[in-house]
Amino acid sequence: MKSTPALAARVLELVASGQASSRAELAGLLGAAASTISLTVAHLVERGLIAEEGTHSSTGGRPRKALRLGSNDEFAVAADLGGRHARIGVVLPGGGLTDVSTVPFVIADGPEAALPRLAETLEALAEQRGRGYLRGVGLSLPGPVDIASGSVVLPSRMPGWNRFPVSAWLEERFGVPAAVDNDANCMAVGEHTVRPAEHRQAIMVKIGSAIGAGVIADGRLYRGATGAAGDITHIRIDGGADIPCSCGNTGCLETVASGAALVRILRERGADVSSTEDVARLAVDADPEATRAVRRAGDYLGQVLATNVNFFNPDAVYLGGILSTLEPFVAAVRSQLYESCHPLVTEHLTIERASLGADAGLVGAGQFALQRALSVALREVGGTDPFRAPAPRHA
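In this text the structure is predicted, and so the values were computed from the model without any measurement. (Residues numbered from 1 in each chain as written. Predicted model: local features only at pLDDT ≥ 70, side-chain atom pairs only at ≥ 80, totals over all residues. Heavy atoms only, no water.)

Student: What exactly am I supposed to notice about the overall build of the protein here?
Tutor: When helices and strands are tallied, the protein shows 13 helices and 14 strands. Computed over its C-alpha atoms, the radius of gyration of the protein comes to 21 Å, within 12% of the 21 Å expected for a compact globule of 395 residues. Expressed as lengths along the three principal axes of its C-alpha atoms, the size of the protein is roughly 65 × 50 × 45 Å. In the protein, which comprises 395 residues, the proportion classed as buried is 52%. When the accessible surface of the protein is summed, it comes to about 17300 Å², and 50% of that surface belongs to carbon and sulfur atoms. Taking the average place of the 36 positive charges on the side chains of the protein and the average place of its 42 negative ones, the gap between the two points comes to 4 Å. (Helix = DSSP H or I, 4+ residues; strand = E, 2+ residues; numbered from the N terminus. Rg over C-alpha atoms; globule rule 2.2 N^0.38 Å. Buried < 20%, exposed > 50% of the residue type's maximum accessible area, 1.4 Å probe, protein only. Areas by Shrake-Rupley, 256 points an atom, 1.4 Å probe, with all protein chains shown as cover. Lys, Arg positive; Asp, Glu negative; His and termini not counted. Charge placed at Lys NZ, Arg CZ, Asp CG, Glu CD.)

Structural data, given as structure tokens:
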């Protein structure tokens, strides 16, 4: 492997995400010669994109210099959007997170009304941190996202957002690079930054009002040919054959295992619920109907995941979203995976809640924003933009 703009981008990505902090770690993760990595790092140091300082602790031999991005003070502001609120914060290179809070955000108001209010809050956060060091803005969105255009495409619960140019709007407002992606992908990237480096294949599943999944393959987010990788929501399963789905089909996973489905199911059984949070509260209080419904939803999700786990053979399956906080749900998913997957696949498989919890999507959105800023910096010094997702291919 020789030094190329693409290799430089991978080096920046690994350093920015915190997955590598030395030349030796970079060489190991990228499978490149030490001389090639040293040349690439030297070029990035010369351009001010990476700095070397201090030393790693060593068990012997020559101490290793620690790598970081060019400025310790650089940051991104990010938001993880929900139906009625947004979680916001400052994301630092390496996945650090600070100044986190939850603010009102009504996604049904549409982007023209909702985004300006959110932008004011994020601008105040940036001013508080030091606006001159703001490098990017990231949003985690609860709907399908066309990465090339930076817009939401045919969302089922985001009225008025279809094809709205979210990324372009943010860049015009803030004057820095912006990145938007769906919540499951953001959670996958965020969680990956804090997991062991050897966990290079993973499936991150978010289970809230809807269901989504993000796929990490060989240490990077895998998007697929048209950016739809990980969309397990519309896999049809036994047990939901007559229930219509927003996609136009019937029997999709979303119709029996999502938070919205549980609200519907429990209301049909006479429970006073109107949100996934209501379902979770009942389950935490050991309400028999809620517990049974939650466990059944976990079983359905486990059935779908088992097929994907057998095929993909990941190191880990991480569960996020409000339903992942419920032990009956997690236990049902885990049980179904162990029951339905080949023993070789589950022998060393990690199945657990996202360690970042509710902050995983926020960290991922901020990391995407920092990567986008690095892409712009690379182009300005004559490189390519390998962080930018390719445009979808259409027949």
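Student: Is there a simple way to explain the confidence of the model for the protein in this structure?
Tutor: For any part of a model where pLDDT is low, the fine detail of the predicted coordinates should not be relied upon. On average, the protein scores 89 in pLDDT, and the residues at 70 or more come to 92%. Highest mean pLDDT in the protein belongs to strand β13 (residues 316–320) (98); lowest belongs to strand β1 (residues 50–53) (79). A low-confidence stretch, residues 390–395 stays under pLDDT 50, and its non-local contacts, those more than four residues away or across chains, total 7 contacts. (pLDDT = per-residue confidence, 0-100. Contact = heavy atoms within 4.5 Å.)

Student: Can you walk me through the packing of aromatic side chains in this structure?
Tutor: Each aromatic ring pair is summarised here by two numbers: the centre-to-centre distance and the angle between the ring planes. Summed over the entire model, instances satisfying the criterion amount to 1 aromatic pair. Judged by centre distance (6.4 Å) and plane angle (55°), the ring pair of Phe-105 and Trp-161 falls under tilted. Of this pair, Phe-105 sits in the loop between β5 (97–104) and α4 (111–129) while Trp-161 is found in the loop between β8 (151–152) and α5 (166–174), placing the two residues 56 residues apart along the sequence. Its relative accessible area of 0% is what places Trp-161 among the buried residues. The ring of Tyr-300 is capped by Arg-296, whose NZ or CZ atom sits 4.4 Å from the centre of that ring. (Phe/Tyr/Trp six-rings, centres within 6.5 Å; stacked < 30°, edge-to-face > 60°. Lys NZ or Arg CZ within 6 Å of the ring centre and 35° of its normal.)

Student: How do you make sense of the sheet that holds strand β9 (residues 178–182) when you look at a structure like this?
Tutor: Within a sheet, adjacent strands bond to each other through the backbone by hydrogen bonds, running parallel or antiparallel. Strand order in this open sheet of 5 strands is β5-β4-β3-β6-β9, and the pairing throughout is mixed. Of all strands in the sheet, those with a lone pairing partner are β5 and β9, marking the two edges. With direction set aside, neighbouring strand axes in the sheet form an average angle of 15°. For strand β6 (residues 134–141) and β9, the ladder comprises 5 bridges, and the chain directions are parallel. Along β9, the bridge assignment pairs Leu-141 with Asn-182. Here helix α6 (residues 183–193) sits on the sheet in contact with β3 (75–81), β6 and β9, set at roughly 105° to β9. Sitting on the sheet, helix α13 (residues 360–380) is in contact with β3, β4 (85–91), β5, β6 and β9, with an inclination near 135° to β3. (Pairing = 2+ DSSP bridges. Axes fitted to C-alpha atoms, helices over the stretch in contact; angles between N-to-C directions.)

Student: Even after reading the chapter, I still don't get unusual backbone geometry, so can you show me in this structure?
Tutor: Backbone phi values are negative for most residues with the exception of glycine, while trans is the configuration of most peptide bonds. With a phi angle near 65°, Ala-286 is a residue other than glycine that sits in the positive phi range. Within the secondary structure layout, Ala-286 lies in the loop between α9 (276–284) and α10 (288–312). In the Ramachandran plot, Asn-313 falls in the positive-phi region, its phi being about 55° despite a non-glycine side chain. Checked against the element boundaries, Asn-313 lands in the loop between α10 and β13. The class of Asn-313 is partly exposed, set by a relative accessible area of 44%.

Student: Can you walk me through the nonpolar core in this structure?
Tutor: A general tendency of soluble globular proteins is for nonpolar side chains to be buried together. Val-205, Ile-232, Leu-253, Leu-301, Leu-305, Phe-329 and Leu-337 are the most contacted members of the largest nonpolar core, which totals 39 residues. The set of elements that each furnish at least two residues to this core consists of β10 (202–207), β11 (211–217), α7 (254–257), α8 (259–268), α9, α10, β13 and α11 (327–340). Per element, the largest residue contribution to this core is 10 residues, and it comes from α10. With near-sequence residues (within four places) excluded, Phe-329 lies in contact with Ile-207, Val-294, Ala-297, Gly-298, Leu-301 and Leu-323. In this structure, Val-103, Leu-125, Leu-134 and Val-145 belong to the second largest nonpolar core, which totals 33 residues. (Core = buried A, V, L, I, M, F, W, Y, C linked by side-chain atoms within 4.5 Å.)

Student: How do you make sense of the environment of Asn-310 when you look at a structure like this?
Tutor: Tracing the backbone through its elements, the reader meets Asn-310 in helix α10. On the basis of relative accessible area, Asn-310 is assigned to the partly exposed category, the value being 32%. In this structure the C-alpha to C-alpha distance between Asn-310 and Ser-340, which are 30 residues apart in sequence, comes to 8.6 Å. Side-chain polar atoms of Asn-310 contact the backbone oxygen of Ser-340, separated by 3.2 Å. A polar contact is formed between the side chain of Asn-310 and the backbone nitrogen of His-342, at a distance of 3.0 Å. (Polar contact = N/O pair within 3.5 Å; in protein donor to acceptor, adjacent residues only side chain to side chain.)

Student: Sorry, what's going on with the pairing of β9 here?
Tutor: Successive side chains on a regular strand alternate, one facing one side of the sheet and the next facing the other. Burial of β9 is extensive: 5 of the 5 residues sit out of reach of the surface. Where burial is concerned, the two faces of β9 agree: the one with Ala-178, Val-180 and Asn-182 and the one with Ala-179 and Asp-181 are both buried.

Student: How should I be thinking about the sheet that holds strand β14 (residues 350–353) in this particular structure?
Tutor: Strand order in the open sheet made by the 5 strands is β12-β11-β10-β13-β14, with mixed pairing throughout. With partners counted over all chains shown, the strands left at the sheet margins are β12 (220–222) and β14, one partner each. Direction aside, neighbouring strands of the sheet carry axes that sit 25° apart on average. Here β10 pairs with β13 via 5 bridges, running parallel. Paired with Ala-202 across the two strands is Ala-316, which belongs to β13.

Student: Honestly, α8 in this entry has me stumped. Any pointers?
Tutor: The periodicity of an α-helix, 3.6 residues per turn, causes residues three or four positions apart to be oriented the same way. Within α8 the residues assigned to the buried category are Gly-259, Ala-261, Leu-262, Val-263, Ile-265 and Leu-266. Against the buried residues of α8 lie α7, α9 and α10. Just downstream of α8, Gly-270 is the residue with a positive phi angle, here 95°.

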